[in-house]
Amino acid sequence: MGNVGQATSLTLDGSEQGYATTRVDALLGWARKYSLFAYPFVTACCGMEFMALTSPRFDLARFGAEAPRFSPRQADLLWVVGTISQRQGPVLKRVYEQMMEPKWVLAFGTCASSGGFYDNYTTIAGTDKIIPTDVYIPGCPPRPEAVLDGLMLLQDKIASGDRRAGVVKPRFDPAQRASGLAQLRRSAKDPRELLPALEEQEAKARAIGHGGQT
Amino acid sequence: MSTYVLEQLQARFGAAILETHSDFGDDTAVVEPGQWRAVCEFLRTESSLDFDMPVDLCGVDYPARGDAGRMEVVMHLYSVSKGHRVRLKARVGDADMEGAELDSVTSIWPGMNWLEREVFDMSGVRFRGHPDLRRILMYPEFEGHPLQRTYPADKTQPLVEYRTEEEAGVPLGKLEPFGPDEGMSFGRHGAPRVEDTRYGED
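Bear in mind the structure is a predicted one, so any value in this text is a computation, not a measurement. (Residues numbered from 1 in each chain as written. Chains lettered and ligands numbered in written order. Predicted model: local features only at pLDDT ≥ 70, side-chain atom pairs only at ≥ 80, totals over all residues.)

## Digging into the overall build of chain A
The test is simple: Strands here are runs of E lasting at least two residues and helices are runs of H or I lasting at least four, both read from the DSSP assignment and numbered beginning at the N terminus. Working definition of burial: number of other C-beta atoms within 10 Å of the residue's own, with buried at 20 or more, exposed at 12 or fewer, and partly exposed in between, all C-beta atoms being placed from the backbone. Residues are treated as contacting if the C-beta atoms built from their backbones sit within 7 Å of each other.
A tally of regular secondary structure across chain A gives seven helices and seven strands. Going residue by residue from the N terminus, the α and β elements of chain A occur as β-β-α-β-α-β-α-β-α-β-α-β-α-α. Within chain A, buried positions represent 34% of all 214 residues. Of the contacts formed within chain A by residues at least 6 apart in sequence, a portion of 68% connects residues at least 24 apart.

## Quick look at the nonpolar core
All names here are of chain A. The following threshold applies: For this analysis, nonpolar core means a set of buried Ala, Val, Leu, Ile, Met, Phe, Trp, Tyr and Cys residues linked through C-beta atoms within 7 Å.
Of all hydrophobic cores here, the largest spans 41 residues; its most connected members are Leu77, Leu78, Trp79, Val80, Leu106 and Phe108. For this core, the secondary structure elements donating two or more residues are strand S3 (38-42), helix H2 (46-54), strand S4 (77-81), helix H3 (89-98), strand S5 (104-108), helix H4 (110-114), strand S6 (135-137) and helix H5 (144-160). The dominant element in this core, judged by the number of residues it contributes, is H5, at seven residues. Residues in contact with Leu78, not counting those within four places in the same chain, are Tyr39, Phe41, Val95, Tyr96, Met99, Lys103, Val105 and Leu106.

## A word on the pairing of strand S4 (residues 71-78) of chain B
Residues and elements named next belong to chain B. For the record, the criterion: Strands are treated as partners if at least two bridges between them are detected by DSSP.
Side-chain alternation along S4 places Met71, Val73, Met75 and Leu77 on a buried face and Glu72, Val74, His76 and Tyr78 on a face that remains uncovered. Sheet topology places strand S3 (residues 53-61) next to S4; eight bridges connect them, and they run antiparallel. Residue Val60 lies in a different strand from S4, and its bridge partner there is Glu72. As paired strands, S4 and strand S5 (residues 85-92) are joined by eight bridges and run antiparallel to one another. Bridge assignment links Val73 to a residue of S5, and that residue is Ala90. Adjacent in sequence and paired antiparallel, S4 and S5 are bridged by six residues, among which Gly83 carries a positive phi angle near 75°.

## Remarks on the sheet that holds strand S1 (residues 17-21) of chain B
All names here are of chain B. Here is the rule: Whenever a helix is involved, its axis is fitted only over the stretch in contact; in every case the axis is a line through C-alpha atoms, and angles between N-to-C directions fall within 0 to 180 degrees.
Spatially, five strands are ordered S1-S2-S5-S4-S3 in an open sheet, and the strand pairing comes out mixed. This sheet does not close on itself; its edge strands, each paired only once, are S1 and S3. When the angles between neighbouring strand axes are averaged without regard to direction, this sheet yields 20°. Across the sheet, helix H1 (residues 4-13) touches S1, strand S2 (28-31) and S5, and the angle it forms with S1 is around 165°. Contacting S2, S4 and S5, helix H2 (residues 36-45) runs over the sheet at an angle of about 170° to S5.

## Some remarks on unusual backbone geometry
That bond from A:Glu101 to A:Pro102 is cis: its omega, -10°, falls within 30 degrees of zero. The linkage connecting A:Cys140 with the following residue, A:Pro141, adopts the cis geometry, with an omega of -10°. Positive phi values are uncommon outside glycine, yet A:Asp59 reaches one of about 60°. By secondary structure assignment, the location of A:Asp59 is in the loop between H2 and S4. A positive phi is found at B:Met97, a non-glycine position, where the angle reads about 65°. If you trace the backbone, B:Met97 turns up in the loop between S5 and strand S6 (101-103). Of the residues examined, B:Met97 has 20 C-beta atoms within 10 Å and is grouped as buried.

## Description of H3(A)
All names here are of chain A. Let me state the cut-off plainly: In this description, the arc belongs to the directions extending from the helix axis to the C-beta atoms.
Turning to H3, its buried residues number three or more, namely Gly89, Leu92 and Tyr96. An end-on view of H3 places all buried positions within 70° of arc, on one side of the element. Projecting away from the buried face of H3 at angles above 90 degrees are the exposed residues Arg94 and Glu97. Of the surrounding secondary structure, the elements contacted by the buried residues of H3 are S3, S4 and S5.

## A few points about the pairing of S5(A)
All names here are of chain A. For the record, the criterion: Handedness of a crossover is defined as follows: with both strands directed away from the viewer, a clockwise route from the first strand across the helix to the second makes it right-handed.
Within S5, five of the five residues are buried, leaving the element largely enclosed by the surrounding structure. In this fold, the crossover linking S4 to S5 by way of H3 has right-handed handedness. For S5 and S6, the ladder comprises three bridges, and the chain directions are parallel. The residue bridging Phe108 from the neighbouring strand is Ile137, located in S6.

## Side note on H2(B)
Note that an α-helix has 3.6 residues per turn; residues three or four places apart therefore point the same way. Residues and elements named next belong to chain B. Turning to H2, its buried residues are Trp36, Val39, Cys40 and Leu43. What you see down the axis of H2 is that its buried residues fit within an arc of 100°, all on one side. Its buried side turned inward, H2 meets H1, S2, S4, S5 and S6.

## As for the confidence of the model for chain B
Worth spelling out the cut-off: Per-residue confidence from the predictor is reported as pLDDT, a score between 0 and 100.
Here chain B averages 84 in pLDDT, and 83% of its residues register 70 or above. Note that pLDDT drops below 50 for residues 180-193 of chain B; the model gives that stretch 20 contacts with residues more than four away or on any other chain.

## Focus: the environment of A:Leu53
With respect to the secondary-structure elements, A:Leu53 resides in helix H2. In this structure, A:Leu53 is in contact with A:Phe58, A:Leu60, A:Pro144 and A:Val147, ignoring residues within four places of it in sequence.

Written out as structure tokens, the structure is:
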């Protein structure tokens, strides 16, 4: 066997014939990204969306990340779900420090990502002010699909060894469209004029997997 | 019945009731701070008033009043048996919050204990005779009283030291897509005003 990180090949002898080649770090990354043990640090209303995420409908188990560990010493993925107040800062930092390497942090929702609209004396403006954060998932709360996007982004980063922070981008932004919901309230003379455009947008959203009930 | 409570208060305390009004049926009496506890005692024990439920207590800061009672302590009371309400106000403290003190009413309504602690914590009003006047929302290390209008809007007092950008390797300002308009941009000295054009001109 070669050194860690170098290409190795393994030949199978016996009744099975064949071979597989990989790199050890790629193999480790592959194994890690599908066996994330999560520590949910749930402080606020985003927790409701976290519950939806772990329920059968969205099924976090598909990504190998469904096993919660309520001791940070057994976890390698810290979900920060909700607002972090200044008072909770020391607690969060201590939880993070107790986790074993390698460890990742996922900021769930706008408050955990940037403090959101809590921009005042009592709130920490984002988990990255006190602990390293790998993936930010904006949204108030984010849709479960956005969270799954974030999880897959994190898995990509784990597999490729990329420790730079990443932000989940919305797949589409209603405010950027002429028929967007924000426009509907602010500029339309008669909201009913915009209904055909909205229906078209909803159909598009359904086509790419957003938009709920069918 | 509508102003019965106020009439009772005026008959009993006279000039210690500084002003009253009952806009939209909300009876309000501004009380001389020295008579705060006596008024509360009367409202609780007088059988025709019987205010047995302390609903709320809070402080409202009016810095423009200067030395004439800058901090207004507002108390809401309700009588479960009589079904009536009253709002009491007391104006305390000078421009530097000196003399912002009131007698505690915890012995009249035990439920006022935490509410008085909250007003002390947020607004800096001290309650004489309170059994345990500590901060209740903020941490003990916190300095100042955040709901006083002289407390800077962007001042935080972190318990853990924030990471520096060198340490983090990423910008610690608001990340995309969070603009500087996320959160309260008003009340910030020197913060640039952000033109919000996301929703188009109107």
